[in-house]
Amino acid sequence: ALMRVADPSGKSRPVRVPLAATTTAAAIAELQDKLAERRKGTLKVVTHAPKLADAVAAYKKSAEFLGKRHGTRVNESGYLDKWVAELGAVRVNKITKANIVTTREKLAAGRNPKTANKIVQGLVNVLKYCEEREQLADIPRPKRLKQPESPRRRLLEDADFAKLLAACTPDVTKNAA
């Protein structure tokens, strides 16, 4: 269906909105729903979807990515480079759950499930970035792999505190009360 929609600059432009209906009556009903969504401001109109390689490059320059700690950026960049090597030529709106699952299996072979989940999370971060810029309608999210329980760290007991205090040297007076 062709309808006029305001773009981010506020100008109205004609946009083709796909309908899933197969009959005329169903198409009319679906069009009425789309018009209602437009009036409410909830209609998602997707602009030109970039290829994954271009989306990753734009994400790496974004404030969202640059605001992360250096170690996180290094790790996430490594994960994203692997996604670009596998799916870099695919447009972000054409990436499916099946693509993500098969690529995750390939990239995470022999790795901890926690690492596999982080690899997928890097891609999801790029897809969220594209969704915010109206380049993607919905984000395909595969199920997370089950991770083994992290071992609990032992808390210090009273005897441990007593050993620590005995090891401290009482002759240090700097910053003493």
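Residues numbered from 1 in each chain as written. Predicted model: local features only at pLDDT ≥ 70, side-chain atom pairs only at ≥ 80, totals over all residues. Heavy atoms only, no water.

At Glu134, a position not held by glycine, the phi torsion is positive, near 60 degrees. For Glu134, a relative accessible area of 38% puts it in the partly exposed group. (Buried < 20%, exposed > 50% of the residue type's maximum accessible area, 1.4 Å probe, protein only.)

The next thing to look at is the nonpolar core. Core analysis: the biggest nonpolar cluster contains 24 residues, and Leu52, Trp83, Val92, Val126 and Leu127 have the highest contact counts within it. Looking at which element gives the most residues to this core, the answer is helix H6 (residues 113-132), with eight residues. Listed in part, the six residues of the second largest apolar core include Met3, Val5, Val15 and Val17. (Core = buried A, V, L, I, M, F, W, Y, C linked by side-chain atoms within 4.5 Å. Helix = DSSP H or I, 4+ residues; strand = E, 2+ residues; numbered from the N terminus.)

Attention shifts here to the packing of aromatic side chains. As enumerated under the stated definition, the model contains two aromatic pairs in all. A ring pair is formed by Tyr59 and Tyr129, whose centres lie 5.7 Å apart and whose planes are at 70 degrees; its orientation type is edge-to-face. Of the two residues, Tyr59 sits in helix H2 (residues 52-61) while Tyr129 sits in helix H6, which places them 70 residues apart along the sequence. Just as Tyr59 is buried, Tyr129 falls in that class too. In this structure an aromatic cluster arises from ring pairing among Tyr59, Phe65 and Tyr129. (Phe/Tyr/Trp six-rings, centres within 6.5 Å; stacked < 30°, edge-to-face > 60°.)

Attention shifts here to the packing of helix H4 (residues 70-87) against helix H5 (residues 97-107). Axis separation between H4 and H5 bottoms out at 11 Å; the angle between their running directions is 120 degrees. The angle between the axes of H4 and H5 places the two elements in the oblique class. The interaxial crossing formed by H4 with H5 has right-handed handedness. The residues of H5 that touch H4, namely those facing Lys82, Trp83, Glu86 and Leu87, are Asn99, Ile100, Thr103, Arg104, Lys106 and Leu107. Here the contact of H4 with H5 is built from residues that sort into four nonpolar, two polar and four charged. (Axes fitted to C-alpha atoms, helices over the stretch in contact; angles between N-to-C directions. Parallel < 35°, antiparallel > 145°, perpendicular 65-115°, else oblique. Left-handed = near helix turned anticlockwise from the far one by under 90°. Contact = heavy atoms within 4.5 Å. Nonpolar A, V, L, I, M, F, W, Y, C, P; charged D, E, K, R; others polar.)

Scanning the entire structure with this criterion turns up six salt bridges. In this structure, the salt-bridge partner of Arg133 is Glu132, at a minimum N-O distance of 3.4 Å. With a relative accessible area of 39%, Arg133 lands in the partly exposed category. Residue classification places Glu132 among the exposed positions, given a relative accessible area of 55%. Between Asp160 and Arg154 there is a salt bridge, and its shortest N-O distance comes to 3.0 Å. Look at Arg154 and you get exposed, because its relative accessible area is 62%. (Salt bridge = Lys/Arg side-chain N within 4 Å of Asp/Glu carboxyl O.)

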